[in-house]
Amino acid sequence: MDLAGKRIVLGLTGGVACYKAAELTRGLSKAGASVQVVMTRAATHFITPVTMQALSGRTVYTDQWDDRIANNMPHIDLTRDADAIVIAPCSTDFMFKLAHGACDDLLSTLCVARPITVPLMVAPAMNVEMWQNPATQRNAAQLRADGIALLGPDAGEQACGETGMGRMLEPEQLLEEIIASFQSKALAGKRVLLTAGPTFEPIDPVRGITNLSSGKMGYAIARAAREAGAEVTLVSGPTALETPYGVHRINVQTAQQMHDVVLSRAAGNDIFIAVAAVADWRVANASEQKLKKTGAGDVPQLEFAQNPDILAAVAALPDKPYCVGFAAESEKLLEYGEEKRRRKGIPLLVGNIGHQTFGKDENELVLFDDAGHQRLPRADKRTLGRVLVGEIARRLG
Ligand code: C5P
């Protein structure tokens, strides 16, 4: 679980987006975190402490003078063993309070009283005019300068009926941001380009040749690279997966399209990771119209042409990024893996141990580089994505 053992203080301030805090609490709990909810008086007008208590499984605190805490110092007690404090939703007024260090209720006081090592994240939620107001923008700048992370806001439809900047991020997006905040920033400032998923090579307008790649491994690496602080572009063949939060995704179908998109963007990237299961051949005589059955025993004659090798093409660029390839072999992985790494001219190749990995949530990998090969313990693909990003970052120095 991504947040196993983490203790999160979740602060709610006044705003319609309080209803999203209920979903966020569930998400945090499901991810393994314990959630301690603290609400301002205004927040209790939007959602009740009873609901938040039921969802978090813990007493909800709303009052600085709450005598349920033995020493009567909830602002100290609730922050000393916290791993992070998240204010969601964070109102205009609460941003002002944070920017000025106000301590006029329990939530503002505990933010000021938190040890400086406890990260504070705020998810602004307000009307577009309130967000754009110069005073709010001054406060936002002050929060950033004070090392407080602003999660969002997003643009979109607002509860008041207006449209614009100020919408709170969705609970799943906030969850991704919170999970990412606990990951090392080993790729901060780096640009990463990836391919993932299968390709689809048309036979006619309704038929084609593809493979069993689900895209899960590539998407997990894209997510991990983004968590590690990189700016990530994912060039994806057809998959049923959701785009990882914060990742720029470009959809393609064929190997040729994937090649063209990758080569038009490769320059300027620090790392290229080719995870896609690219079709080696395309149908050279694909039909523009649907092929018709003409009679018993009559079969179309397909001709094949070789697709460009995207990874080899990127690895041959004069200002090439650090290139990482994948291999799925049905036999002799150790022999073929090293041979493939050399043939493609890349510093790191990742071998799937067993080619039955397609579509599964778990995987087992072996890394090939100049120093030889190294097996990684079997794990779920999300975990492996992070391990791999760590390995790549380490090799980049
Ligand atoms: O040559 P092979 O397909 O076995 O190599 C696999 C590696 O090369 C993977 O990283 C895959 O994404 C990449 N590849 C590519 N373009 C191709 C074929 C494979 O980028 N046409």
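Owing to the predicted nature of the structure, the values given are computational and were not obtained by experimental measurement. Along each chain, numbering runs from 1 in the same order as the chain's sequence is written. Where local features are concerned, this predicted model is filtered to residues with pLDDT of at least 70; where side-chain atom pairs are given and counted, the filter is 80 or more; whole-chain, interface and lining totals use all residues. Water and hydrogen atoms play no part in the side-chain values, which are based on all heavy atoms of the structure.

S.K.: Sorry if this is basic, but what is going on with the site of the ligand here?
M.R.: Throughout, near means a residue has at least one heavy atom within 4 Å of the molecule or strand. What surrounds the ligand is a group of 13 residues, the closest being Ala274, Ala276, Pro308, Phe326 and Lys340. Nitrogen and oxygen atoms within 3.5 Å of one another constitute a polar contact, given that in protein one can donate a hydrogen and the other can accept it, and given that sequence-neighbouring residues count only through two side-chain atoms. In the model, a nitrogen atom of the ligand is placed 2.8 Å from a nitrogen or oxygen of the proline 308 main chain. One of the backbone N or O atoms of phenylalanine 326 is found 2.8 Å from an oxygen atom in the ligand. Notes on the ligand: free accessible area 440 Å², of which the protein chains cover 86%. Secondary structure elements are taken from DSSP: a helix is a run of H or I of four residues or more, a strand is a run of E of two residues or more, and numbering for both begins at the N terminus. Where the shell around the ligand is concerned, the elements lending two or more residues are helix H11 (310–315), strand E16 (322–328) and helix H12 (333–344). By the convention adopted, Pro, Cys, Tyr, Trp, Phe, Met, Ile, Leu, Val and Ala count as nonpolar, Lys, Arg, Asp and Glu as charged, and the other residues, Gly among them, as polar. Of the residues in the shell around the ligand, the class split is eight nonpolar, one polar and four charged. Where accessible areas are quoted, they stem from the Shrake-Rupley method and a 1.4 Å probe; at the residue level, only the protein chains shown are allowed to cover.

S.K.: I keep staring at the sheet that holds strand E4 (residues 120–124) and nothing clicks. Help me out?
M.R.: The pairing of strands in a sheet happens through backbone hydrogen bonds and is either parallel or antiparallel. With parallel pairing, the five strands of this open sheet are ordered in space as E2-E1-E3-E4-E5. Each having just a single partner strand, strand E2 (34–39) and strand E5 (149–150) make up the two edges of the open sheet. Pairing between strands is defined by DSSP: at least two bridges between the two strands are required. Sheet topology places strand E3 (residues 84–90) next to E4; four bridges connect them, and they run parallel. What sits directly across from cysteine 90, in E4, is proline 124. Here a residue-residue contact requires only that any non-hydrogen atoms of the pair lie within 4.5 Å. Orientation is described by lines fitted to C-alpha atoms, with helices fitted over the stretch in contact, and by angles between N-to-C directions that extend from 0 to 180 degrees. Where helix H2 (residues 49–56) meets the sheet, its contacts fall on strand E1 (7–12) and E2, and the angle it forms with E2 comes to roughly 170°. Running over the sheet, helix H8 (residues 171–181) touches E1, E3 and E4 and is turned about 160° from E4.

S.K.: Mind showing me how you'd approach unusual backbone geometry here?
M.R.: Glycine aside, a negative phi is what most residues show, and trans is what most peptide bonds show. Cis peptide bonds are those with omega within 30 degrees of zero, and the linkage from alanine 88 to proline 89 qualifies with 0°. Mapped onto the secondary structure, proline 89 falls in strand E3. Following glycine 152, the chain continues into proline 153 via a peptide bond in cis, with omega recorded as 5°. Looking at where proline 153 falls in the secondary structure, it is placed in the loop between E5 and strand E6 (154–157). Non-glycine residue asparagine 72 carries a positive phi angle of around 60°. Tracing the backbone through its elements, the reader meets asparagine 72 in the loop between H2 and helix H3 (74–77). The residue lysine 332 is not glycine, and still its phi comes out positive at about 45°.

S.K.: Would you mind showing me how to read the side chain of asparagine 139 here?
M.R.: Within the element layout of this structure, asparagine 139 appears in helix H7 (residues 134–145). Setting aside residues up to four positions removed in sequence, asparagine 139 forms contacts with Met95, Phe96, Ala99 and His100.

S.K.: Teacher, can you tell me more about the side chain of threonine 92 here?
M.R.: For threonine 92, the location among the structural elements is in helix H4 (residues 92–100). Residue exposure (1.4 Å probe, protein chains only): buried if accessible area is under 20% of the type maximum, exposed if over 50%, otherwise partly exposed. A relative accessible area of 18% places threonine 92 in the buried class. Sequence-distant contacts of threonine 92, that is, excluding residues within four places in its chain, are made with Met126, Met130 and Thr136.

S.K.: Looking at this model, I keep getting lost on the pairing of E3. Mind explaining?
M.R.: The side chains of a regular strand alternate between the sheet's two faces. E3 sits mainly inside the fold: seven of its seven residues count as buried. By the alternation rule, side chains of E3 split into Ala84, Val86, Ala88 and Cys90 and Ile85, Ile87 and Pro89, which are all buried.

S.K.: Would you mind going over a nonpolar patch on the surface with me for this structure?
M.R.: On the surface, Val16, Tyr19 and Phe46 cluster together into a nonpolar patch covering about 330 Å² of accessible area. Its location among the elements puts valine 16 in the loop between E1 and helix H1 (18–30). Look at valine 16 and you get partly exposed, because its relative accessible area is 47%. Each patch is built from residues that are more than 30% exposed by relative accessible area and take part in no salt bridge. Like charges join if they lie within 9 Å; nonpolar side chains (Val, Leu, Ile, Met, Phe, Trp, Tyr) join within 5 Å. For salt bridges, the criterion is a side-chain nitrogen of Lys or Arg within 4 Å of an Asp or Glu carboxyl oxygen.

S.K.: Please clarify how the environment of threonine 48 should be interpreted in this entry.
M.R.: Structurally, threonine 48 can be placed in the loop between E2 and H2. On the basis of relative accessible area, threonine 48 is assigned to the partly exposed category, the value being 39%. The spacing of threonine 48 and glycine 101 is 53 residues in sequence and 27 Å in space, taken between C-alpha atoms. Of note is the side chain of threonine 48, whose polar atom sits 3.1 Å from the side chain of threonine 51.

S.K.: Looking at this structure, I do not really get the domain arrangement of the chain. What am I missing?
M.R.: Much of the literature gives interface size as the accessible area that the parts lose upon coming together. Throughout, the edges of the domains are those of an automatic or database domain assignment. When cut into domains, the chain gives domain 1 (7–181) and domain 2 (191–290 + 299–396). Between the C-alpha centres of domain 1 and domain 2 the distance comes to 39 Å. Summed over both partners, the accessible surface that disappears when two parts come together, traced with a 1.4 Å probe, is what is meant by buried area. The junction of domain 1 with domain 2 conceals about 550 Å² of combined surface from both sides, 48% of it contributed by carbon and sulfur atoms. Applying the counting criterion to the domain 1 and domain 2 interface returns two salt bridges. Where domain 1 meets domain 2, there are three residue pairs in polar contact (both at pLDDT 80 or more).

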